[in-house]
2 protein chains.
Amino acid sequence: MAAGSDVYVLGGYQTDFARNWTKENKHFSALMRESVLGALETCDIAPEEIESAHVGNFAAELYCMQGHLGAFFTEAHPSFSGLPTGRHEAACASGSIAVLAASAEIEAGRYDLQAVVGIEQMKTVAPDVGGSYLGTAAWYEQEAEGVDFPFPTLFGKLGDEYDKRYGLKDEHLAEISRLNYDNAKLNPNAQTRSWYMNKEHALCRTDDNPAVGGRIRIADCSQVTDGAVCVFLASREYAEKYAKGMGLKLEQIPRIKGWGHNTARMRFADKVAESANDEYVLPHVRSTILSAMKRAGIDDVNGIDAIETHDCFTTSEYMAIDHFGITKPGESWKAVDEGWLEIDGKHPINPSGGLIGAGHPVGATGTRQLLDCYKQVTGTAGDFQVDGAKNCQTLNIGGSGTTSVSFVLGV
Amino acid sequence: MAAGSDVYVLGGYQTDFARNWTKENKHFSALMRESVLGALETCDIAPEEIESAHVGNFAAELYCMQGHLGAFFTEAHPSFSGLPTGRHEAACASGSIAVLAASAEIEAGRYDLQAVVGIEQMKTVAPDVGGSYLGTAAWYEQEAEGVDFPFPTLFGKLGDEYDKRYGLKDEHLAEISRLNYDNAKLNPNAQTRSWYMNKEHALCRTDDNPAVGGRIRIADCSQVTDGAVCVFLASREYAEKYAKGMGLKLEQIPRIKGWGHNTARMRFADKVAESANDEYVLPHVRSTILSAMKRAGIDDVNGIDAIETHDCFTTSEYMAIDHFGITKPGESWKAVDEGWLEIDGKHPINPSGGLIGAGHPVGATGTRQLLDCYKQVTGTAGDFQVDGAKNCQTLNIGGSGTTSVSFVLGV
């Protein structure tokens, strides 16, 4: 086992995010198993090769009355009994926290091949109960208790803050919704691929598109999703062996070129107070994005061919646009108007459909973003391929901009 | 920031495990804050020095209706806003999983000084509700649903398995209980330090010592505890600087010399079926202990001066005795009879009082064990000091022997 700072991504598997595992009468463990066995088959890796596993999950304790989630990995295949496992959580950024933990162990030389599973089964409960569970990603007592849908409300406030500082028009949020739904139609694993949505519908202010929290309406929201995504991370040594076996050069295997990770204060009001004199509304999110680029040796967003960002609501994608540096602070609307975010645009965002279009099984989202970046940079994204993508970047956010993690994946 | 494989422990702080934070009307965040600020003061470290934080917690979602636990670290001091944080979980081994994640990041050269907080607030609910929450550390649907106290029942079965394979007498379990309570009287942070317990009481088979699950009686159980423990981990580079500032030599700062980490199958019945032809009842726990010793360059338990082990029940400590190699498999009773486990014995176990005597705030236990080993090897354990201890080892277990983690800490 060789210590080294390179971490490679060998691929993985995403379950169909349109499925409802509760309706199928299937336990959390079945969801885990499908993602793991699917990844082994897709990547042509024998189960005996896996040395360790990390699970990203937000709140199976609430949704499924089950903790100790890492241990369920050992149930996915008989040869896994005894493997080191652990579960990692940072609300909606849980999947990325698991990737950070796994990649650190590879960089430290502890293991050469690791599985990372992001997973969440959310359709076990009614939407209002689920909304309350999601409230535990915020400061529950102070921001969520007694609020019907805490997170739409908090991300509505993000929109309000943009409106106050720079002005914000509903039509730009509606365009963001429209684009994510459109892209999702190209993604065979997207939850909404057969749903109906266009800009007019996203803009409508009637009961067809009801308000759920502040300025956030249904069309602005990501989905409640059951899903799991397993990816494999490897040391340079293992990646070399793997590339040879697949008839590839090491340079063709995507590498995590950079990462960023920051945590702002918990309450949204505290974040906004802290950033009052900053040109960015969420400066710690901006730091995370820049750290990942810097570690990757990339100067700015012009070196990034596609972005998979955290659009839990249209306002979070609106925030991501200027925080990535696609526009100046407060001018995200320009990128929308100019069509830069389309798959064939200057700065494609969420070719997969993102959380709004592809779905948002909370603990799985960070790993789903990484896998979709893998597909982009290996030219295997099918109908949602960004032509010639070599470097892609993720942004995964937990809470109201609280924990942020970003990866640059490239070949 | 220099990459390197040495991880040093600079000390830390444990809250008084006898306190009931719910009765004090205090939120989870207050428990976190006391442990962190206490550790900074104890170790004479400025808050601005901390670069990253890891939180070990089992199930605050259930006990406190709160997730996103890593982010609460940023609330402990104004200078922490923006620091990278994450939460790590493996049931009762959560604290050790957080230490593993933090130490990997130091080994990888990502950070030079990290805080690890193990934390659990459990006295928010009635004992039967809490017992059901603990059941989520097992396979809930299959092992815990509808069972009054799932974990006493499962660890009762561990006793049954010993009984079947090798014979097991209640008096040896009672002695283990007596010893942990006795040691706890020497520990100013132990939950039971003023409680009454002796061997006769632990042996009694009346309503004074009621059965809670199978052969497990109240005196065999660890406690329901509110508590948090913060420890600081550092790179060699930082430890050198720190030692100099404290007027110490680097060699006087304890180092994590070795670690082990394994995960067995989830259900207890599957574990026992797997080990049917093995001389150890829980062979993956044995592997964890041996891996930690091997990495530390220590041949066997004779190189370990004291052990802090996972006595969630007397049967788990009984199991630990032979699995550490203090006796041959099945002969743990000999170590009890010979007095080897006493603080001044040949193989002291749980000088702190362990989970039975010191208390068991689930997510904090792994960090509490590490901190108590730190106290031993720096000669600062006060009344529960093991004379001349240089190398100490932990064993932290999640579930019914499912996830196990062990550290060797030494100078």
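Residues numbered from 1 in each chain as written. Chains lettered and ligands numbered in written order. Predicted model: local features only at pLDDT ≥ 70, side-chain atom pairs only at ≥ 80, totals over all residues. Heavy atoms only, no water.

### A short note on the overall build of chain A
And then number 1: The number of helices and strands found in chain A is 15 helices and eleven strands.
And then number 2: Relative to the 2.2 N^0.38 estimate, which gives 22 Å for 411 residues, the radius of gyration of chain A is 20 Å and therefore close to what a compact globule would have.
And then number 3: Principal-axis analysis of the C-alpha atoms gives chain A an extent of 55 × 45 × 40 Å.
And then number 4: The buried share of chain A, reckoned over its 411 residues, is 68%.
And then number 5: Within chain A, residue pairs in contact and separated by at least 24 positions form 77% of the contacts whose partners lie at least 6 positions apart.
And then number 6: Here chain A has roughly 13,100 Å² of accessible surface; of this, 47% comes from carbon and sulfur atoms.
And then number 7: When the 36 basic and 55 acidic side-chain charges of chain A are each reduced to a single mean position, those positions are 2 Å apart. (Helix = DSSP H or I, 4+ residues; strand = E, 2+ residues; numbered from the N terminus. Rg over C-alpha atoms; globule rule 2.2 N^0.38 Å. Buried < 20%, exposed > 50% of the residue type's maximum accessible area, 1.4 Å probe, protein only. Contact = heavy atoms within 4.5 Å. Areas by Shrake-Rupley, 256 points an atom, 1.4 Å probe, with all protein chains shown as cover. Lys, Arg positive; Asp, Glu negative; His and termini not counted. Charge placed at Lys NZ, Arg CZ, Asp CG, Glu CD.)

### Observations regarding the environment of L37 of chain B
Residues and elements named next belong to chain B.
And then number 1: Counting through the fold element by element, L37 comes out in helix α1 (residues 28-43).
And then number 2: A sequence separation of 40 residues divides L37 from H77, and the C-alpha atoms of the two residues are 7.9 Å apart.
And then number 3: Residues contacting L37, with those up to four places away along its chain left out, are A76 and H77.

### Quick look at the side chain of S177 of chain B
Residue and element names in this part refer to chain B.
And then number 1: Structurally, S177 can be placed in helix α7 (residues 170-184).
And then number 2: Side-chain polar atoms of S177 contact the backbone oxygen of A219, separated by 2.6 Å.
And then number 3: Excluding its chain neighbours within four sequence positions, the residues that come into contact with S177 are M197, A202, A219, T314 and I356. (Polar contact = N/O pair within 3.5 Å; in protein donor to acceptor, adjacent residues only side chain to side chain.)

### So, the relation of the copies chain B and chain A
And then number 1: Between chain B and chain A, which share one sequence, the superposing operator has a rotation angle of 180° and an axial displacement of 0.0 Å; the RMSD is 0.0 Å. Here the copies are linked by what is in effect a two-fold axis.
And then number 2: Most of the interface of chain B is mirrored in chain A: 100% of its interface residues are interface residues there too. (Least-squares fit on C-alpha atoms with pLDDT ≥ 70 in both.)

### A few points about the environment of Y162 of chain B
Residues and elements named next belong to chain B.
And then number 1: Looking at where Y162 falls in the secondary structure, it is placed in helix α6 (residues 150-166).
And then number 2: C-alpha of Y162 to C-alpha of Y280: the two residues are 118 residues apart in sequence and 9.7 Å apart in space.
And then number 3: Beyond its immediate stretch of four places on either side in the chain, Y162 contacts G167, L168, V281, Y318, M319, D322, H323 and G330.
And then number 4: Here the side chain of Y162 touches D322 through a polar contact of 2.8 Å, side chain to side chain.

### Some words on empty space enclosed by the protein
And then number 1: Applying the stated criterion across every chain, the model contains five cavities of 30 Å³ or more.
And then number 2: What the largest cavity holds in volume is close to 70 Å³.
And then number 3: As for the largest cavity, its lining consists of I97, L100, A101 and H261 of chain A together with H54, T85, G86, H88, A101 and E105 of chain B.
And then number 4: Contributions of two or more residues to the lining of the largest cavity are made by α3 (94-107) of chain A together with β3 (85-89) and α3 (94-107) of chain B.
And then number 5: For the lining of the largest cavity, a count of residues per class yields four nonpolar, five polar and one charged. (1 Å grid on protein atoms, 1.4 Å probe; cavity = no way out; pocket = protein on both sides within 12 Å on 5 of 7 lines; lining within 4 Å. Points joined across faces, edges and corners; volume = space filled by probe spheres on them. Nonpolar A, V, L, I, M, F, W, Y, C, P; charged D, E, K, R; others polar.)

### Description of the interface of chain B and chain A
Often, the extent of an interface is quoted as the loss of accessible area upon association of its parts.
And then number 1: With 58 residues of chain B in contact, the opposing surface of chain A contributes 58 residues.
And then number 2: Counting the surface lost from both chain B and chain A, the interface buries some 4,600 Å², and carbon and sulfur atoms represent 53% of this.
And then number 3: Counting across the interface, chain B meets chain A through eight salt bridges.
And then number 4: Taken together, the links from chain B to chain A amount to 41 residue pairs in polar contact (both at pLDDT 80 or more).
And then number 5: Contributing elements (two or more residues each) for the side of chain B that touches chain A: α2 (60-63), β3, α3, α4 (127-134), α5 (140-144) and β8 (255-263) of chain B.
And then number 6: Of all the elements, α3 of chain B adds the most residues to the side of chain B that touches chain A, at six residues.
And then number 7: The residue makeup of the side of chain B that touches chain A, split by class, is 25 nonpolar, 22 polar and eleven charged.
And then number 8: Pairing of strand β3 (residues 85-89) of chain A with β3 of chain B, which is carried by three bridges, proceeds in the antiparallel orientation. Bridge pairing links H88 of chain A to H88 of chain B in β3 of chain B. (Buried area = accessible area lost by both parts, 1.4 Å probe. Salt bridge = Lys/Arg side-chain N within 4 Å of Asp/Glu carboxyl O. Pairing = 2+ DSSP bridges.)

### Quick look at the pairing of strand β10 (residues 391-394) of chain B
Each regular strand displays side chains that alternate between the two surfaces of the sheet.
All names here are of chain B.
And then number 1: The alternating pattern of β10 places N391 and Q393 and C392 and T394 on opposite faces, both of which are buried.
And then number 2: Here strand β9 (residues 306-308) pairs with β10 via three bridges, running parallel. Residue I307 lies in a different strand from β10, and its bridge partner there is Q393.
And then number 3: The pairing of β10 with strand β12 (residues 403-410) spans three bridges and is antiparallel. Its bridge partner lying in β12, C392 is registered against L409.

### Notes on the packing of helix α11 (residues 283-295) of chain A against helix α12 (residues 314-323) of chain A
Residues and elements named next belong to chain A.
And then number 1: In the contact formed by α11 and α12, the axes pass within 10 Å of each other and the chain directions differ by 55°. Accordingly, the angle class assigned to the pair α11 and α12 is oblique. Crossing handedness for the pair α11 and α12: right-handed. Together, V285, R286 and I289 of α11 and M319, D322 and H323 of α12 make up the contact between the two elements.
And then number 2: Partitioning the contact of α11 with α12 into residue classes produces three nonpolar, one polar and two charged. (Axes fitted to C-alpha atoms, helices over the stretch in contact; angles between N-to-C directions. Parallel < 35°, antiparallel > 145°, perpendicular 65-115°, else oblique. Left-handed = near helix turned anticlockwise from the far one by under 90°.)

### So, unusual backbone geometry
All names here are of chain B.
And then number 1: The residue A91 is not glycine, and still its phi comes out positive at about 55°.
And then number 2: Structurally, A91 is set in the loop between β3 and α3.
And then number 3: If you check the backbone angles, N350 has positive phi at about 50° while not being a glycine.
And then number 4: The class of N350 is buried, set by a relative accessible area of 0%.

### Regarding the packing of aromatic side chains
And then number 1: Applying the stated rule across the entire model yields 20 aromatic pairs over all chains.
And then number 2: Relative to Y133 of chain A, the ring of Y63 of chain A lies with its centre 5.2 Å away and its plane at 85°, an arrangement referred to as edge-to-face. Here Y63 of chain A is found in helix α2 (residues 60-63), whereas its partner Y133 of chain A is found in helix α4 (residues 127-134), with 70 residues between them in sequence.
And then number 3: Judged by relative accessible area, Y63 of chain A falls into the buried class, the value being 4%.
And then number 4: By relative accessible area, Y133 of chain A is classed as buried at 16%.
And then number 5: Connected via pairs of aromatic rings, a cluster forms that spans F28 and F72 of chain A together with W139 of chain B.
And then number 6: A cation sits over an aromatic face here: R19 of chain A above W21 of chain A, 4.0 Å from the ring centre.
And then number 7: A cation over a ring is seen here: R267 of chain B above W139 of chain B, with NZ or CZ 4.6 Å from the ring centre. (Phe/Tyr/Trp six-rings, centres within 6.5 Å; stacked < 30°, edge-to-face > 60°. Lys NZ or Arg CZ within 6 Å of the ring centre and 35° of its normal.)

### Considering the confidence of the model for chain A
And then number 1: In the predicted model, chain A carries a mean pLDDT of 96, and the fraction of residues at 70 or more is 99%.
And then number 2: Model confidence for the complex is summarised by a pTM of 0.98, with the ipTM given as 0.97. (pLDDT = per-residue confidence, 0-100.)

### Considering the pairing of β12 of chain B
Residue and element names in this part refer to chain B.
And then number 1: Most of β12 sits inside the fold, with eight of its eight residues counted as buried.
And then number 2: The alternating pattern of β12 places T403, V405, F407 and L409 on one face and S404, S406, V408 and G410 on the opposite face, and all of these are buried.
And then number 3: With eight bridges connecting them, β8 and β12 associate as antiparallel partners. Bridging from a neighbouring strand, T263 pairs with T403 of β12.
And then number 4: Pairing of strand β11 (residues 396-398) with β12 involves three bridges; the strand directions are antiparallel. Paired with N396 across the bridge in β12 is V405.
And then number 5: With antiparallel pairing between neighbouring strands as the criterion, β11 and β12 make up a hairpin whose turn holds four residues, including G399 at a positive phi of roughly 70°.

### Regarding the pattern of salt bridges
And then number 1: One pass over the structure, following the stated rule, counts 56 salt bridges over all chains.
And then number 2: Here D170 of chain A makes a salt bridge to R205 of chain A, at a shortest N to O gap of 3.3 Å. Of this pair, D170 of chain A sits in helix α7 (residues 170-184) while R205 of chain A sits in the loop between α8 (199-203) and β5 (211-213); the two residues are 35 residues apart in sequence, bridging distant segments of the chain.
And then number 3: Look at D170 of chain A and you get partly exposed, because its relative accessible area is 29%.
And then number 4: Overall, the relative accessible area of 34% leaves R205 of chain A in the partly exposed class.
And then number 5: One salt bridge in this structure joins E175 of chain B and K199 of chain B, with 3.7 Å as the shortest N-O distance. Residue E175 of chain B is located in helix α7, and its partner K199 of chain B is located in helix α8 (residues 199-203); the two are separated by 24 residues in the primary sequence.
And then number 6: We classify K199 of chain B as partly exposed; its relative accessible area is 22%.
And then number 7: Salt bridges sharing partners connect three or more residues here, namely E175, R178, D182, K199 and E342 of chain A.

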